[in-house]
Amino acid sequence: MNNTNLDNSKNKIEKIKPDFKDSKYATGRRKRSIARVWVKKGSGKIFVNGKDMNQYFKRPVHQISVARPLNEINASDQYDVKCNVRGGGLSGQAGAIIHGLSRALVSIDSSLKKTLKKNKFTTRDSRKVERKKYGHRKARRSFQFSKR
């Protein structure tokens, strides 16, 4: 028997399919990312694209930022979250999850809106990448100017 087959099976991360019936749904957006978020009462687990959040987001900055709406309302161990995210990079995806999660929490309990709005979680961040202009190296950066 081949040892390589055994090693490959151990390294594969199985996708988790949690049951999210009777949950609240919301959509969050940031840059080019769109997150579909389901929230229900539970033990505080967060799943992103079928994986645990810590496996999907390797950077601690992203892990902390995704959990911030739950930490602000002191409910980090009261709700389970399931997210499907597509488009953009990891920072945009984390921002989209924050937006969708806070909107779903407001739909569960409208008294949380004041706290989440104060921390700007319910507002969509409308900043996008500026387009490149002709005659420039980037959107605003020009080519080096030589007088002589």
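Just above sits the structure.
The structure contained in this document is the topic of the report that follows. All values derive from a computational prediction rather than experimental measurement.

**Some points on the overall build of the protein**
Across its full length, the protein carries five helices and five strands. Reading the protein from its N terminus to its C terminus gives the helix and strand order α-β-β-β-β-α-α-β-α-α. Burial status across the protein gives 34% buried among its 148 residues.

**A short note on the pairing of strand S2 (residues 33-41)**
Looking along a regular strand, one sees the side chains alternate between the two faces of the sheet. Looking at chain direction, strand S1 (residues 24-30) and S2 are connected through seven bridges and run antiparallel. Its bridge partner being in S2, Arg30 is matched across the sheet by Ser33. Two successive antiparallel strands, S1 and S2, enclose a turn made up of two residues, where Lys31 displays a positive phi of approximately 50 degrees. The pairing of S2 with strand S5 (residues 79-86) spans eight bridges and is antiparallel. Bridged to Lys41 within S5 is Tyr79.

**Considerations on the packing of aromatic side chains**
Scanning all chains against the criterion turns up two aromatic pairs. Here Tyr56 and Phe57 contribute two aromatic rings whose centre-to-centre distance is 5.0 Å and whose plane-to-plane angle is 90 degrees, an arrangement assigned as edge-to-face. A cation over a ring is seen here: Lys82 above Trp38, with NZ or CZ 4.7 Å from the ring centre.

**Some details on the nonpolar core**
If you look at the biggest cluster of nonpolar residues, it comprises 29 residues, and the most contacted ones within it are Val39, Ile46, Val48, Phe57, Val81, Ile97 and Leu105. Elements that contribute at least two residues to this core include exactly S2, strand S3 (46-48), helix H2 (53-56), helix H3 (60-72), S5 and helix H4 (90-108). The biggest single contributor to this core is H4, with eight residues. Ignoring sequence-local partners within four residues, the contact set of Ile46 consists of Lys51, Asp52, Met53, Val66, Ala67, Leu70 and Val81.

**Re the environment of Lys58**
Here Lys58 shows up in the loop between H2 and H3. Along the sequence, Lys58 and Leu90 sit 32 residues apart, while their C-alpha atoms lie 9.6 Å from each other. Looking at Lys58, its side chain comes within polar contact range of the main-chain oxygen of Gln55, at 3.1 Å.

**Thoughts on the side chain of Thr27**
As for its placement among the helices and strands, Thr27 is situated in strand S1. According to the relative accessible area criterion, Thr27 is buried, its value standing at 16%. Here Tyr25 takes part through its side chain, which lies 3.0 Å from a polar atom of the side chain of Thr27.

**As for the pattern of salt bridges**
Tallying each qualifying case throughout the model produces four salt bridges. Residues Arg30 and Asp125 are paired through a salt bridge, measuring 3.3 Å at the closest nitrogen-oxygen approach. A residue pair is termed long-range when its members are at least 10 positions apart, and Arg30 in strand S1 and Asp125 in the segment after helix H5 (113-118) qualify at 95 residues. On the basis of relative accessibility, which here comes to 17%, the residue Arg30 falls in the buried class. A salt bridge links Arg127 to Asp125, with the shortest nitrogen-to-oxygen separation between them at 2.8 Å. Arg127 gets classed as exposed once you look at its relative accessible area, which sits at 57%. A residue is classified by how much of its surface remains accessible, and Asp125, at 22% relative accessible area, is partly exposed. Several salt bridges share partner residues, and in doing so they unite Arg30, Asp125 and Arg127 into one network.

Conventions adopted
- Residues numbered from 1 in each chain as written.
- Predicted model: local features only at pLDDT ≥ 70, side-chain atom pairs only at ≥ 80, totals over all residues.
- Heavy atoms only, no water.
- Helix = DSSP H or I, 4+ residues; strand = E, 2+ residues; numbered from the N terminus.
- Buried < 20%, exposed > 50% of the residue type's maximum accessible area, 1.4 Å probe, protein only.
- Pairing = 2+ DSSP bridges.
- Phe/Tyr/Trp six-rings, centres within 6.5 Å; stacked < 30°, edge-to-face > 60°.
- Lys NZ or Arg CZ within 6 Å of the ring centre and 35° of its normal.
- Core = buried A, V, L, I, M, F, W, Y, C linked by side-chain atoms within 4.5 Å.
- Contact = heavy atoms within 4.5 Å.
- Polar contact = N/O pair within 3.5 Å; in protein donor to acceptor, adjacent residues only side chain to side chain.
- Salt bridge = Lys/Arg side-chain N within 4 Å of Asp/Glu carboxyl O.

Keep in mind these numbers describe shape, not what the thing actually does.
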